Amino acid sequence: MEANEQVDSSSTGSKPVVCFLGPVSSYTHQATMQRFPSEQFDLMPVTTIKDIFDTTQSGAATYGVVPFENSTNGSVVFTLDHFADRANVYKDLNVCQEIYLDVHHCLLGHIAPSSSSPLETTTAKKEESSTGTGEGQRARPLHPISHVRRVYSHPQAFGQCTAFLGSWLRGIETVDVSSTSRAAELALADASGESAAISSAAAAALLGLDVLARNIEDRADNTTRFFVLRRGVAGGPSSPSSTSTLTPTPTSSSSTINTAAKPKIEGREGQGDGKEEGGDEDDAHLLASTKSLLSFTVPHRSPGALADVLSCFRRGGLNLTSINSRPSLAGAGFEYIFFVEFEGHRFRDSRGRVARVLQDVAAVARTSRWLGSWENMRRDSA
């Protein structure tokens, strides 16, 4: 952690607030606890991803934790839609950290009355054998589940458990809800026992639900990546150390790069602090150890406009690690906001490579916006 980010919360008389997608025991809550110990932070559950953006932007929370993508089911479109910020209401927010969480789903609910025939499980196994084999077939119910009529969960969780659902609960009603922990609450509330939830073992323990099946995700390596949001850029380096606890530095600095002002801002901030922190580190290692996120739009009818933007990264020697898009909801329709994640840090940029690329993108894109820089927490496995 940079020295200018260290604040003794005990001197202020209150703990910094961190909001997350609740309720308590959600996967976002579990990821939040990895990075923000409750002894030092006040963890505040909110209902939707929009609430996280709103609460952090308003200053009611110092940090917000949002799910960004899953290794099995891809990007969380609800989060991308708020990064798109079409109404420009989150202009002060940026990403300052990433968190990875291994996600192992359970089917939670109520064990069927003892009158249920044990032959029901055998019948289900026969169904499973007709769907083929593969990674997703490794999970089997621990109890008969023929009494289940509906399953609640978050859309991402459904997308991560397609093999189990197709094998054991084919044709059962699936109901999208705001989070997996909310799904568990709904299953608990159904006195008939006909509702189940795809959720976590932690939710089962918290609510007293039965675990009907464990590890029902399609892939054993199922992992979700979360972003930590905050306002401003703390007047300089915005990526806390992975070995330190995040603490707030109140700031009114905007994390948004205005296209018109971009060359001036980037030229100033891309140097200075970057030289001090970069030191003698190898440039390639420094780039690979950090990441940044940028959004941009291009003239929809201009041939090669998207290629022109992507070429900026090739010329600058910056490696792109992901590309996403969402509808811009502007113009005549079917126009897009693009998101690129790349290796490199806006403030740890001793050679000015990131600054130059951001300037080049601003020159060829219709609009562009820096959305944060942070330490790459998975570089050892890259």
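In this report, we go over the structure that sits alongside the text. (Residues numbered from 1 in each chain as written. Predicted model: local features only at pLDDT ≥ 70, side-chain atom pairs only at ≥ 80, totals over all residues. Heavy atoms only, no water.)

## Section: the overall build of the chain
If you tally the helices and strands in the chain, you get 14 helices and 15 strands. Sequence-distant contacts, at least 24 apart, represent 79% of the contacts inside the chain between residues at least 6 apart. When the accessible surface of the chain is split by element, carbon and sulfur atoms take 50% of a total near 16500 Å². (Helix = DSSP H or I, 4+ residues; strand = E, 2+ residues; numbered from the N terminus. Contact = heavy atoms within 4.5 Å. Areas by Shrake-Rupley, 256 points an atom, 1.4 Å probe, with all protein chains shown as cover.)

## Considerations on the packing of helix α13 (residues 305–316) against helix α14 (residues 353–364)
When two helices pack together, their arrangement is captured by the angle between the axes and the distance separating the axes. Taken N-terminus to C-terminus, the directions of α13 and α14 make an angle of 160 degrees; their axes are 9 Å apart at the nearest point. Relative to α14, the element α13 lies roughly antiparallel. Here α13 and α14 pass one another in a crossing that is right-handed. Across from Asp-308, Val-309, Cys-312, Phe-313, Arg-315 and Gly-316 in α13, the residues of α14 making contact are Arg-353, Val-357, Asp-360, Val-361 and Val-364. Residue composition of the contact of α13 with α14, by class: six nonpolar, one polar and four charged. (Axes fitted to C-alpha atoms, helices over the stretch in contact; angles between N-to-C directions. Parallel < 35°, antiparallel > 145°, perpendicular 65-115°, else oblique. Left-handed = near helix turned anticlockwise from the far one by under 90°. Nonpolar A, V, L, I, M, F, W, Y, C, P; charged D, E, K, R; others polar.)

## Considering the pairing of strand β7 (residues 150–153)
Relative to strand β8 (residues 173–176), β7 runs parallel, the two sharing four bridges. By the bridge assignment, Val-151 is partnered in β8 with Thr-174. Relative to strand β9 (residues 195–199), β7 runs parallel, the two sharing three bridges. Across the sheet, the residue bridging to Val-151 is Ala-196, located in β9. (Pairing = 2+ DSSP bridges.)

## Re the pattern of salt bridges
Taken as a whole, this structure holds 14 salt bridges when the rule is applied. The shortest N-O distance in the salt bridge between Arg-225 and Glu-98 comes to 2.8 Å. With Arg-225 in strand β11 (residues 223–231) and Glu-98 in strand β5 (residues 93–102), this pair connects stretches of sequence that are 127 residues apart. When sorted by exposure, Arg-225 lands in the same class as Glu-98, which is buried. Taken together, the salt bridges that share partners define one network made up of Glu-69, Glu-98, Arg-225, Lys-291 and Glu-341. (Salt bridge = Lys/Arg side-chain N within 4 Å of Asp/Glu carboxyl O. Buried < 20%, exposed > 50% of the residue type's maximum accessible area, 1.4 Å probe, protein only.)

Nothing here speaks to function; it is all geometry.
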